Amino acid sequence: MIQAGDRYKRPLAMSLALILAFLVVQVVTGLVINSLALLSDAGHMATDALGLGMALAAIVASSKGSRDGQRTYGLYRLEVLAALANAVLLVGVGLYVLVEAVLRLRDLPDVPSTPVLVVGVVGLVVNLISFLLLRSGAKENMNMKGAYLEVVSDALGSVGVILAALIMMATGWAWVDPLIGAAIGLFIVPRSLRLGRDAVRVLVQSAPAGMDVNAVRRDLAAVPGVLDVHDLHIWTLTSQMDVASAHLVIRAGDDGHGVLDRARDLLVTRYHLEHATLQVEPDDHTGCDEISW
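Read on for a plain summary of the structure. All values derive from a computational prediction rather than experimental measurement. (Residues numbered from 1 in each chain as written. Predicted model: local features only at pLDDT ≥ 70, side-chain atom pairs only at ≥ 80, totals over all residues. Heavy atoms only, no water.)

1. Observations regarding helix α7 (residues 213-221)
Part 1 of the reasoning: All of the buried residues along α7 are Ala215, Val216 and Leu220. The arc that holds the buried residues of α7, viewed along the axis, is 135°, so those residues lie on one side.
Part 2 of the reasoning: Two to three positions downstream of the cap, the backbone nitrogen of Asn214 sits 3.1 Å from a side-chain oxygen, assigning the N-cap of α7 to Asp212. (Buried < 20%, exposed > 50% of the residue type's maximum accessible area, 1.4 Å probe, protein only. Helix = DSSP H or I, 4+ residues; strand = E, 2+ residues; numbered from the N terminus. Arc of directions from axis to C-beta. Polar contact = N/O pair within 3.5 Å; in protein donor to acceptor, adjacent residues only side chain to side chain.)

Laid out in structure tokens, this is it:
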């Protein structure tokens, strides 16, 4: 069976190879000419490489993780953990760039603009290729979204580097370099925080965003034959894999099979919950509704 993220391995691997190859050029150039705009973009690209590597490793591990007695859901959650790790890395890089920009504005370095421009243009091309490779997967998979956001923000960072070089060429304003570096940091942080929030939401097993649990409860209770609904839980295992469980109380002696079929059909057609574990129990059964968590 094809696992959730298997089809994303090739575009991730290609993007990782491109970014690693360019990272070396960017770091060396940034250190030689002492450009914060280049170094901040290189730092972000380094987290790109690490983040893409973690995303790829998570997909490979989750696809190979067998469902044995200890891993009843396989290793799907590794993709969510990789997304959270990417978010933390991005926030760290963004904050570092902001602090470094403030320090450099106090003591402006002399930065040659031509190498900054050349490296910025090459970096933009690399990021645009990666952008095209990852774009479709970002709409469907949280892990891919984390990798995609890194590439998008780094592409904008490359645009910032190009702007800094052009402005320095035209005006000789040295403060443009740290200012553009700070702008890159300001762009990275809020988007990374949102990605982290989405990953944490999955890890604490909140209901999927946009899912009205009370509405699901009401609709299940309205299924013909259902007297009561309790122990309803809805959560996300990983991207595109929402899960539900519930106890449905019916009158003793009624047809439980029909109720089960109708309830499952409701969850699939109305809420796209294809993996639901439903326990149908007679109203003379006691004990299940006494659990308070």
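2. Focus on a negative patch on the surface
Part 1 of the reasoning: A cluster of acidic residues, Asp254, Asp255, Asp261, Asp265, Asp283 and Asp284, forms a negative patch on the protein surface.
Part 2 of the reasoning: Among the secondary structure elements, Asp261 is positioned in helix α8 (residues 256-271). (Patch = residues over 30% accessible without salt bridge, like charges linked within 9 Å, V, L, I, M, F, W, Y side chains within 5 Å. Areas by Shrake-Rupley, 256 points an atom, 1.4 Å probe, with all protein chains shown as cover. Salt bridge = Lys/Arg side-chain N within 4 Å of Asp/Glu carboxyl O. Lys, Arg positive; Asp, Glu negative; His and termini not counted. Charge placed at Lys NZ, Arg CZ, Asp CG, Glu CD.)

3. A word on the nonpolar core
Part 1 of the reasoning: Of all hydrophobic cores here, the largest spans 27 residues; its most connected members are Leu12, Ile19, Leu38, Leu52, Val116 and Leu134.
Part 2 of the reasoning: Counting residues per element, the ones that place at least two in this core are α1 (9-33), α2 (36-64), α4 (113-138) and α5 (142-171).
Part 3 of the reasoning: For this core, the leading source of residues is α2, giving eight residues.
Part 4 of the reasoning: Filtering out sequence-adjacent residues up to four positions away, Leu134 remains in contact with Pro11, Leu12, Ser15, Leu52, Met144, Ala147, Tyr148 and Val151.
Part 5 of the reasoning: Listed in part, the 21 residues of the second largest apolar core include Ala215, Ala244, Val259 and Ala263. (Core = buried A, V, L, I, M, F, W, Y, C linked by side-chain atoms within 4.5 Å. Contact = heavy atoms within 4.5 Å.)

Note that all results are geometric; they support no functional claim without further evidence.
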